[in-house]
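What follows is each chain in one-letter form.
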Amino acid sequence: MSISPDATISPVPPPAEGAKPASAHVDQNKPKQDRRVLSLLKRLGTLSAANSGNRGVLRQIADKDGGRTTVATQPKTEDGDGNKQDAKDQENQTANQENGPEGAFKRINENILKLVQRIEGGIGDVEKQKKLLGNLLIAREGFYTTIVQALNPDVRVVEGKKNVYQVGETQIYGSIIAVLDATPALSIHAGLAETLRYKIPQDEDDYSIVGEKLSPRSTLESGVVFSGSSAQDRVQAYGADIDMAEYINIQANTIEEAASLLARSIQLTVKDKIEINHNGELLTLHFSEMKVGGDFPQDAFADISGRELGKDRKLRWKHAEISQGFKAYKTQGGEVKYITLESACRDPKTLKVDFLGVTSDSVVEVTKVSTVSASTEQGEGLINNSTGQSASFQEVYFDDPSRFGIVEEVNHPDKFIKYLSAMSREVTLYNRGDHLNQLKVLKRLYNLAKVQGDLLLAKEISGVFSINSAAIYQMVDRLGMANMAHLKGIDVSQQRAAMVQRMEKLLSESQHPNAADILTMLSDPTNLDIDKIRGYAMKIVNDEVGVYISDHSSIKDKINQIVGG
């Protein structure tokens, strides 16, 4: 069945087992509930799939690498003609597959993608088709709720609550698509999220960094989420970094108030050294740098250390500069000028903080990128550094994110289309010679497949994340972090030795000729040429992941479709 993109229908989610009621959007493309959707859902097979409780086919999707699965029907009985009976069974199996949950889920995703193509091509009534797209995305949630529980037994729906799931002992929030890869191990990040989120003093009399008290109505709230491989430990055993996103809401009377409050929050929260208990062991975070405020002013010739500013003019803040509330720079004539943290916060551009995370046997990069939204009590916008691209398709939260208006973005037609476009662009980018990184190609393709509802393809792709070269790729990055820590005067000799030992084991198991080159370079752990090692490791990754792609025709075809398209 095909759906006319010009049809005016407004579906609601099917009452799937454990499914949660849909909540409303906040803009003009908000899908509206309508009884006329029932006929559409019945024709899609949604209601029968949702009520049947038959998840066998979904479990088969989880177990099957690439091949199309079939649904078992009745036991075969001999009728004197085994061939005819086999054909009949196959026909029944195919019919059940097409009419059951998998077939309905497949059809709804096909129609979603057809709508995206029409909208991007400007074919027909685009606004009407966007509303229909939003409706179909909501309708698909019921399928995903059932599918996630079939694919990932660690995830349980919290009844009566939208986008809330129980994973082990921890409740998490987020898109059903993002939650697909959650495991109980994710809970170890909860303390890290709470430690690193931006905060304000409890006593509002302290809300000042320039001598003037802020209005009691000025408030700041934030929530930290985990994204990408940091939230995908079910499939990505070798996540390289700990990546976090933060959403900040500020209410203030003026842009100056909002910027002052944000600057004060940064000063209170960003420490030079933070020690926390992470998964039962000590994790020490050493501040690396913060970016906020865009570029240096046009009259800047060099920073205060004398470094001439070339193409890279980004404002990078040291911890001492954050504490004092300003950084200095030199003009062409040698005049020293100053940039206050508050002025940088008026137009923060990228707000990103990097730490080196040191454990007993490793060094990792811990990164937090913050999206700031500041407005008056009346809703007048003051500050907004959002890129407009939704990352909620791959983020999980430890606190209710509804106040930040992000979870429902997965059903927002414009956000959905932008996400598909962004992932497709990155697949193309990392498939090129000058940026060639086949592992990143498959990471982006994996997220794209999940969002498009192609779970068989996602299952095929996920196997690459645990191959030997993926671990080598991770360990090179960690050794790079150890080198950075050493340059900062942090003693990580014990951690570096442990990582070199693990790296040597991984390389000894590799058949790639460049493995021997890296092993030779590791013979002197105190003098590692990380850039050269990374070059060799990238060659191993691209060659071995390239073989993986060649061995999986559906993955290869999908990449060619994106790159060629």
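## Let's talk about the sheet that holds strand S8 (residues 300-303)
In a beta sheet, neighbouring strands are held together by backbone hydrogen bonds and run either parallel or antiparallel to one another. With respect to topology, 3 strands assemble into an open sheet ordered S8-S10-S11, the strand pairing being antiparallel. Either end of the sheet is taken by a strand with one partner, and the two such strands are S8 and strand S11 (336-340). The mean angle between the axes of side-by-side strands here comes to 45°, regardless of whether they run parallel or antiparallel. The sheet contact formed by S8 and strand S10 (residues 326-331) spans 3 bridges and is antiparallel.

## So, the packing of helix H6 (residues 126-151) against helix H12 (residues 413-429)
Where H6 contacts H12, the two axes come as close as 8 Å, and the packing angle between them is 80°. For the element pair H6 / H12, the angle class is roughly perpendicular. Between H6, through Lys130, Leu133, Gly134, Leu137 and Arg140, and H12, the contact on the second element is made entirely by Pro413, Asp414, Phe416 and Ile417. In the contact of H6 with H12, the residues fall into 5 nonpolar, 1 polar and 3 charged.

## What about the nonpolar core?
Grouped together as the largest cluster of nonpolar side chains are 113 residues, with contacts concentrated most on Leu192, Phe226, Ile250, Ile266, Met290 and Leu442. Of all the elements, H6 adds the most residues to this core, at 10 residues. With residues near it in sequence (within four places) discarded, Leu442 still touches Ile461, Val464, Phe465, Val545, Tyr548, Ile549, Ile555 and Ile559. Within the second largest apolar cluster, 27 residues are counted, among which are Ile472, Met481, Leu506 and Ile533.

## Re the side chain of Glu395
Inspection of the secondary structure puts Glu395 in strand S15 (residues 395-397). Of the side chains bearing the opposite charge, Lys415 lies closest to the buried Glu395, which forms no salt bridge; the N-O distance is 11 Å. A polar contact is formed between the side chain of Glu395 and the side chain of Tyr247, at a distance of 2.9 Å. Those residues within four positions of Glu395 in sequence are excluded, and the remaining contacts are Tyr173, Gly174, Ser175, Ala178, Val225, Phe226, Ser227, Ala245 and Tyr247.

## Remarks on helix H19 (residues 553-564)
Under the 1.5 Å per step criterion, the end-to-end length of H19 is 16 Å for 12 residues, consistent within 8% with the ideal 16 Å. Next to the buried residues of H19 lie H12, helix H13 (438-452), helix H14 (455-462) and helix H18 (530-551).

## Some thoughts on the pairing of strand S12 (residues 351-358)
Taking burial as the measure, the 8 residues of S12 include 7 buried ones, the bulk of the element. Where strand S7 (residues 281-295) and S12 come together, 7 bridges link them in antiparallel fashion. When the sheet's bridge partners are listed, Glu289 is paired in S12 with Asp354. Pairing of S12 with strand S13 (residues 363-375) involves 8 bridges; the strand directions are antiparallel. The residue of S13 that forms the bridge with Val353 is Lys368. The loop that links S12 with its antiparallel partner S13 comprises 4 residues.

## Quick notes on unusual backbone geometry
Look at Asn163: it is not a glycine, yet its phi comes out positive at around 60°. Looking at Asn163, the relative accessible area reads 7%, which means it is buried. Within the chain, Lys349 stands out as a residue other than glycine whose phi angle is a positive 55°. Among the secondary structure elements, Lys349 is positioned in the loop between helix H11 (341-346) and S12.

## Focus on the packing of helix H16 (residues 493-508) against helix H17 (residues 514-521)
Running from amino to carboxyl end, H16 crosses H17 at an angle of 155°, the nearest separation of the two axes being 9 Å. For the element pair H16 / H17, the angle class is roughly antiparallel. Regarding H16 and H17, the two cross each other, and that crossing is left-handed. Here H16 contributes Met503, Glu504 and Leu507 to the contact with H17, which in turn contributes Ala515, Ile518 and Leu519. Looking at the contact of H16 with H17 residue by residue, the classes come out as 5 nonpolar, no polar and 1 charged.

## Re the pattern of salt bridges
The full count for this structure, using the stated rule, is 24 salt bridges. The salt bridge partner of Glu141 is Lys162, with a shortest N-O separation of 2.2 Å. On the criterion of sequence distance, the pair formed by Glu141 in helix H6 and Lys162 in the loop between strand S1 (155-157) and strand S2 (164-167) is long-range, its members being 21 residues apart. Note on accessibility: Glu141 and Lys162 belong to one class, buried. Here Lys352 and Asp354 are joined by a salt bridge, their closest N and O atoms 3.0 Å apart.

Each value, and the rule that gives it
Residues numbered from 1 in each chain as written. Predicted model: local features only at pLDDT ≥ 70, side-chain atom pairs only at ≥ 80, totals over all residues. Heavy atoms only, no water. Pairing = 2+ DSSP bridges. Helix = DSSP H or I, 4+ residues; strand = E, 2+ residues; numbered from the N terminus. Axes fitted to C-alpha atoms, helices over the stretch in contact; angles between N-to-C directions. Parallel < 35°, antiparallel > 145°, perpendicular 65-115°, else oblique. Contact = heavy atoms within 4.5 Å. Nonpolar A, V, L, I, M, F, W, Y, C, P; charged D, E, K, R; others polar. Core = buried A, V, L, I, M, F, W, Y, C linked by side-chain atoms within 4.5 Å. Buried < 20%, exposed > 50% of the residue type's maximum accessible area, 1.4 Å probe, protein only. Lys, Arg positive; Asp, Glu negative; His and termini not counted. Salt bridge = Lys/Arg side-chain N within 4 Å of Asp/Glu carboxyl O. Polar contact = N/O pair within 3.5 Å; in protein donor to acceptor, adjacent residues only side chain to side chain. Expected span 1.5 Å × (residues − 1). Left-handed = near helix turned anticlockwise from the far one by under 90°.

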